[in-house]
2 protein chains.
Amino acid sequence: MENNIVDGSTRLFGIVGDPISQVKTPQLMTGIFRARGVNALLLPFQVAEEGFESTMKGLMSLRNLDGLVITVPHKVRACSLVDSLSPRAGQVGAINVMRPLPDGTWSGDMFDGEGLVRGMEKQGFSIAGKRIKQLGAGGGGSAVAVALAAAGADRITLCDPQQSLAQGLAVRINHFYPRHPAEVTTDSAGTDGYDLLVNCSPVGMRPGDGMPAPFGEFDPALGVVDIIMHPEETPLLAHARRCGCRAMNGRPMIEGQLEAFCAFFGIRQS
Amino acid sequence: MENNIVDGSTRLFGIVGDPISQVKTPQLMTGIFRARGVNALLLPFQVAEEGFESTMKGLMSLRNLDGLVITVPHKVRACSLVDSLSPRAGQVGAINVMRPLPDGTWSGDMFDGEGLVRGMEKQGFSIAGKRIKQLGAGGGGSAVAVALAAAGADRITLCDPQQSLAQGLAVRINHFYPRHPAEVTTDSAGTDGYDLLVNCSPVGMRPGDGMPAPFGEFDPALGVVDIIMHPEETPLLAHARRCGCRAMNGRPMIEGQLEAFCAFFGIRQS
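Numbers given to residues run from 1 along each chain, matching the order in which its sequence is written. Think of it this way: whatever chain is written first is A, whatever ligand is written first is 1, and the rest follow in order. With the structure being a predicted model, the display of local features is reserved for residues of pLDDT at least 70 and the display and counting of side-chain atom pairs for 80 or more, all residues being used for whole-chain, interface and lining totals.

## Section: the sheet that holds strand 8 (residues 155-159) of chain A
All names here are of chain A. Should DSSP find at least two bridges between two strands, the strands are regarded as paired. Helix numbering and strand numbering both begin at the N terminus, where a helix is a DSSP run of H or I of at least 4 residues and a strand a DSSP run of E of at least 2. An order of 9-8-7-10-11-12 is seen for the 6 strands of this open sheet, with the pairing classed as parallel. Two strands close off the open sheet at either side, each with one partner strand: strand 9 (182-184) and strand 12 (247-248). Relative to strand 12, strand 11 (residues 223-226) runs parallel, the two sharing 2 bridges. Paired with Val224 across the strands is Ala247, a residue of strand 12. A residue pair is marked as a contact if its C-beta atoms, positioned from the backbone, fall within 7 Å. Fitted lines through C-alpha atoms give the axes, limited to the stretch in contact for helices. The angle between two N-to-C directions lies from 0 to 180 degrees. Here helix 6 (residues 163-176) sits on the sheet in contact with strand 8 and strand 9, set at roughly 160 degrees to strand 9.

Now the structure itself:
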């Protein structure tokens, strides 16, 4: 491989999403491959919702593709493309990684939740015993809520414009983590009585987006986490900073799961 | 892009073939992209013959894919996936490049023949007025024979284990280039009376391959061209060298079409 970037033997990985230009996984994972002397690239694959299954089946048929990372808006739908799920991915009902097994079947797992929890712990956010308000109950939101419950949250209050998503997620958390219950609210903007506000909705990612809810002034004691990575400071995080809150964006979430990606994809430790 | 290799905005190109590890287009084209400051990669895509159309349609649905190079064994079959062919590709009945147009349709072209002719001219092989024996009448072979006729070959004698391929190619050449006629032979090994021997069969590419025909000693005046790039010296070229012949491998053919690829893909001149 030497100083080359790519040759005919380069193994391929990809991150599948739409939009795709904002993702950081290609540069982060490709950097790890190179540091470890692995002739591989992780590429951005912009896959639209329309025709998702057939596009994915095409990618999955590439003989030199060794794995895919799945991001917005495909984390739930990608579940139906794999033959086996980890128990964690089964609880969440969504995957963010999939890989081919030697027998030709595909296996899926979900590391978003653990990645976020690990990132929050590194940044000094404690989760155990906290009352948490979470916006967004899609694929990423499901992973986050399950991981927050597993990390000992006192109570998780879910809000999503599609209320059935929030309801379904609450039912699953209350089934798997009855001592760390979840509930649903339609009040997106209220933050009184919460220790942490976590945004798992995509609002704030696209240019021109505002906050995901019409928030008033935050109590400076409220911790605010946004799983969006790009822009680095969403309107929500800018508001939190102005209110004197401790705030964190989504970058620690992805950085917190790079090692898990490597283990899942069989990339050896350096 | 700076010193990075890939990010979420990287545009994708690919070369589609099976096997794929031997191709040189990824490093050559990616080197050009970087020299010109274009944030793009050309990747190896190993696509099997089984399921070719559905795999290709998956790749063609990627929103950040800007073009594909097609190589063995897919050059003929890929024709059926594009909506429009250049006149040259229509004559050949095969393509080695395809790209999406702004209206969502795909366009195909074929540069193998011109690439080989340009490479041969650079290496001092003259074509005009020469009697040429050509082995292999598949996608690449069709492009080569058409370009050799267009470059003024006196006569082209075609030999392929699938004789119908050779027959069909001869018919097309005699239709489009009646003053530079083609004929068919079943004698693969005979070289008496020829000025040039051109191998367009895949024999010699895989480890353990021998020569594409049971050749005897060559006349040192015979020019020998093999369009295979890897290994650099096929058994045929080693034999030609031992016989004192002027010999050339397939690398000049691909190098001779890199500028044509750039123009076709809309990569600007540096």
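## Points about the environment of A:Thr25
Residues and elements named next belong to chain A. Following the sequence through the fold, Thr25 ends up in helix 1 (residues 25-35). Any residue whose C-beta has 12 or fewer other C-beta atoms within 10 Å is treated as exposed, any with 20 or more as buried, and any in between as partly exposed, C-beta atoms being built from the backbone. C-beta crowding within 10 Å serves as the criterion here: with 25 such atoms nearby, Thr25 is assigned to the buried category. For the pair Thr25 and Gly104, spaced 79 residues apart in sequence, the C-alpha separation works out to 25 Å. Among residues more than four places away in sequence, those in contact with Thr25 are Ile15, Leu42, Val69 and Ile254.

## Re the packing of helix 1 (residues 25-35) of chain B against helix 9 (residues 258-265) of chain B
Residue and element names in this part refer to chain B. At their nearest, the axes of helix 1 and helix 9 sit 11 Å apart, and the two run at 60 degrees to each other. Regarding the angle of helix 1 to helix 9, the classification is oblique. At the point where helix 1 passes helix 9, the crossing takes the right-handed sense. The residues of helix 9 that touch helix 1, namely those facing Leu28, Met29 and Ile32, are Leu258, Phe261 and Cys262. As a working rule, the residues Ala, Val, Leu, Ile, Met, Phe, Trp, Tyr, Cys and Pro are called nonpolar, Asp, Glu, Lys and Arg charged, and the rest polar, with Gly in that last group. Of the residues that constitute the contact of helix 1 with helix 9, the class distribution is 6 nonpolar, no polar and no charged. With respect to orientation, any angle under 35 degrees is reported as roughly parallel, any angle over 145 as roughly antiparallel, any angle of 65 to 115 as roughly perpendicular, and every other angle as oblique. With the far helix as reference, a near helix turned anticlockwise by less than a right angle produces a left-handed crossing, and one turned clockwise produces a right-handed crossing.

## A word on the sheet that holds strand 5 (residues 97-100) of chain B
Residue and element names in this part refer to chain B. Judged by pairing direction, the sheet is mixed, and its 6 strands sit side by side in the order 2-1-3-5-6-4 without closing on themselves. Edge positions in the open sheet fall to strand 2 (40-46) and strand 4 (84-85), since each of these has one partner strand only. As judged from the 2 bridges shared by strand 4 and strand 6 (residues 106-109), these two strands associate in the parallel manner. Residue pairing across strands places Leu85 opposite Gly108, the latter belonging to strand 6. Contacts from helix 9 reach strand 1 (11-17), strand 3 (65-70), strand 5 and strand 6 within the one sheet, and its direction differs from that of strand 5 by about 20 degrees.

## A closer look at the pairing of strand 6 of chain B
Residues and elements named next belong to chain B. In the sheet, strand 5 pairs with strand 6 via 4 bridges, with the strands oriented antiparallel. Bridge pairing in strand 6 places Met98 opposite Gly108. What sits between the antiparallel neighbours strand 5 and strand 6 is a turn of 5 residues, in which Gly104 has the positive phi angle 90 degrees.

## A closer look at unusual backbone geometry
Cis rather than trans, the peptide bond between A:Asp18 and A:Pro19 has omega equal to 5 degrees. Following the sequence through the fold, A:Pro19 ends up in the loop between strand 1 (11-17) and helix 1. A cis amide bond links B:His230 with the next residue in sequence, B:Pro231, at an omega value of 10 degrees. Among the secondary structure elements, B:Pro231 is positioned in the loop between strand 11 (223-226) and helix 7 (235-242).

## Points about the interface of chain B and chain A
Chain B puts 33 residues into the contact, and the matching count from chain A is 33 residues. When contributions to the side of chain B that touches chain A are tallied by element, the ones reaching two or more residues are helix 1, strand 2 and helix 2 (52-60) of chain B. Here the residues of the side of chain B that touches chain A are counted per class, giving 14 nonpolar, 15 polar and 4 charged.

## Quick word on the domain arrangement of chain A
Residue and element names in this part refer to chain A. A domain assignment, automatic or from a database, supplies the domain bounds used here. Taken domain by domain, chain A holds domain 1 (11-111 + 257-265) and domain 2 (113-253). Computed over C-alpha atoms, the centres of domain 1 and domain 2 are 24 Å apart. The residue inventory of the side of domain 1 that touches domain 2, partitioned by class, reads 7 nonpolar, 4 polar and 2 charged.

## Here's the deal with the relation of the copies chain B and chain A
Under the fitted operation, chain B is carried onto chain A by 0.0 Å of movement along the axis and a turn of 180 degrees, and the coordinates agree to an RMSD of 0.0 Å. One copy is carried onto the other by what is essentially a two-fold rotation axis. Scanning chain B for the C-alpha nearest the rotation axis identifies B:Gly58, at a separation of 2.0 Å. Take the interface residues of chain B: 100% of them recur as interface residues in chain A, which is what a same-surface contact looks like. Only residues with pLDDT of at least 70 in both copies contribute their C-alpha atoms to the least-squares superposition of the copies.

## Regarding helix 4 (residues 112-122) of chain B
Along an α-helix, residues three or four positions apart point the same way, because every turn accommodates 3.6 residues. Residue and element names in this part refer to chain B. Within helix 4, 9 of the 11 residues are buried, leaving the element largely enclosed by the surrounding structure. Among all positions in helix 4, only Asp112, Gly113, Glu114, Gly115, Leu116, Val117, Arg118, Gly119 and Met120 are buried. Of the surrounding elements, those touching the buried residues of helix 4 are helix 3 (87-92), helix 5 (139-150), strand 11, strand 12 (247-248), helix 8 (251-255) and helix 9. Just past helix 4, the residue Gly124 takes up positive phi, approximately 85 degrees.

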